[in-house]
Structures are given as structure tokens and as C-alpha cells.
Amino acid sequence: MPTATRGEASIEIQASAERIYDVITDITSIGERSPECYRAEWLDGISEAQVGARFVGYSRLGLLKWSTTSVVTAADRGNEFAFTVLAGDRESTKWRYLIDSTGDGATLTETYQFLWCPLYSRIAEIPIPRDRQLSRGIARTIAHVKSRSEAPIAP
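Visitor: What should I look at first to understand the nonpolar core in this one?
Guide: Note that soluble globular proteins tend to have their nonpolar side chains buried in a common cluster. Core analysis: the biggest nonpolar cluster contains 30 residues, and I20, I24, F81, I99 and L108 have the highest contact counts within it. Elements with a minimum of two residues in this core: β1 (6-13), α1 (17-24), β2 (37-42), β5 (80-87), β6 (90-102), β7 (105-114) and α3 (130-150). Of the residues forming this core, the biggest block, five residues, is contributed by α1.

Visitor: Before we go on, may I ask you to explain the sheet that holds β6 in this structure?
Guide: Strand pairs in the sheet, formed through backbone hydrogen bonds, run parallel or antiparallel to each other. Read from one edge to the other, the open sheet built from seven strands follows the order β1-β7-β6-β5-β4-β3-β2, with strand pairing classed as antiparallel. Both edges of this open sheet fall to β1 and β2, since each of them pairs with a single strand only. Sheet twist, expressed as the mean angle between neighbouring strand axes with direction ignored, is 20°. In terms of strand pairing, β2 meets strand β3 (residues 54-61) through five bridges, oriented antiparallel. Bridging across to β3, E41 finds its partner in V56.

Visitor: Before we go on, may I ask you to explain the packing of aromatic side chains in this structure?
Guide: Each aromatic ring pair is described using two quantities: the centre-to-centre distance and the angle formed by the ring planes. Scanning the entire structure with this criterion turns up six aromatic pairs. With a centroid separation of 6.4 Å and an interplanar angle of 90°, the aromatic rings of Y21 and F81 are classed as edge-to-face. Residue Y21 is located in helix α1, and its partner F81 is located in strand β5; the two are separated by 60 residues in the primary sequence. Accessibility classification places Y21 together with F81 in one group, the buried group. Ring geometry for W42 and F55: centres 5.5 Å apart, planes at 75°, overall edge-to-face. Pair noted here: W42 is in strand β2 and F55 is in strand β3, with a separation of 13 residues, a long-range link. What makes F55 buried here is its relative accessible area of 4%. Among the aromatic residues, those joined into a cluster by ring pairs are Y21, W42, F55, F81, F83 and Y97. Sitting over the ring of Y58, R39 keeps its end group 4.0 Å from the ring centre. In this structure, R60 is placed above the aromatic ring of Y38, and the distance from its NZ or CZ to the ring centre is 4.2 Å.

About the cut-offs
- Residues numbered from 1 in each chain as written.
- Predicted model: local features only at pLDDT ≥ 70, side-chain atom pairs only at ≥ 80, totals over all residues.
- Heavy atoms only, no water.
- Core = buried A, V, L, I, M, F, W, Y, C linked by side-chain atoms within 4.5 Å.
- Buried < 20%, exposed > 50% of the residue type's maximum accessible area, 1.4 Å probe, protein only.
- Helix = DSSP H or I, 4+ residues; strand = E, 2+ residues; numbered from the N terminus.
- Pairing = 2+ DSSP bridges.
- Axes fitted to C-alpha atoms, helices over the stretch in contact; angles between N-to-C directions.
- Phe/Tyr/Trp six-rings, centres within 6.5 Å; stacked < 30°, edge-to-face > 60°.
- Lys NZ or Arg CZ within 6 Å of the ring centre and 35° of its normal.

Written out as C-alpha cells, the structure reads:
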């Protein structure tokens with residue numbers, strides 16, 4: 001059966017690498033930029049990105065809704081933010097944001113790497129090609145990150 005394996009998208013952003021990183025790691029506002037994950041919240045009393053921190057994300061696709069827990073695996077301000085989505089106690093998908101500073105801004109690259117999914121998810125991919133959905137989704141997500149990163153910062 002087809003299964004999403006990996007994908008990536010990049011975009012040029014006219015903002016500092018630190019500003020871009022701050023936008024990406026503000027997971028409580030993820031609903032403003034993700035076409036699928038409409039809400040997220042930090043767990044265990046954590047309020048910012050740090051390696052080992054966990055958060056729960058709430059997603060929807062049409063009428064289907066679900067939540068997942070993720071753990072931060074990289075949190076290097078201005079350079080990289082990464083997390084792994086868990087399916088129970090197994091790693092399911094790795095997400096990574098790399099920020100490469102340029103002369104007057106930065107290139108943001110978002111990637112995902114599929115690791116494992118339960119049988120019911122694989123069966124669900126028959127009518128819904130997950131790879132195409134994720135590829136469209138990351139392109140939309142980084143476009144929203146660009147828009148927010150380039151917007152003036154409110155006082």
C-alpha cells in the first residue's frame with residue numbers, strides 16, 4: 001500500500017533567521033499557518049521550544065479529527081527546529097525546519113520523513129494520497145510562515 005515517505009519545500013523569507021525561528025516555534029499559533037493542525041499546546045508546564053519538550057497537536061482533515069503528541073528533537077534558535085510525532089510509544093513522522101541565513105533574509109526549508117504508521121492509517125491512504133496532501137500542506141505552511149515573519153512586529 002502507498003505510504004508517505006518524505007517530502008520538503010523551501011521558501012525565501014525577508015526576515016532574520018531568529019524571527020523566522022520564533023514564528024515556527026510558536027506552536028500555540030500553529031492554526032494560523034497549518035492547513036491541517038488547527039491547534040497545539042505545550043505539555044508538562046513547558047512554554048517554549050527546547051529539546052525533550054512535548055506538545056499535543058489537534059488536526060483535522062474534512063470531518064476526521066485527531067490529536068497527536070510530539071517531542072522536540074532540535075531547538076537551535078535561528079538555525080533548526082525539529083520534532084517527532086508519536087503514535088503511542090512509537091515514532092511516526094519526523095518534521096524539521098532548517099533556516100539558512102542569506103544576505104538579507106533566510107531560506108526556510110520544511111521537511112517530513114515518514115517512519116511508521118498503524119495499519120488503519122495505511123488503509124486510509126488508499127482513497128486519500130497522503131504524500132500529495134503533505135506536500136501541498138508544507139508549501140502552504142511555509143508560505144504562512146513567510147507572511148507572518150515578514151509582517152511588522154506589533155509593539
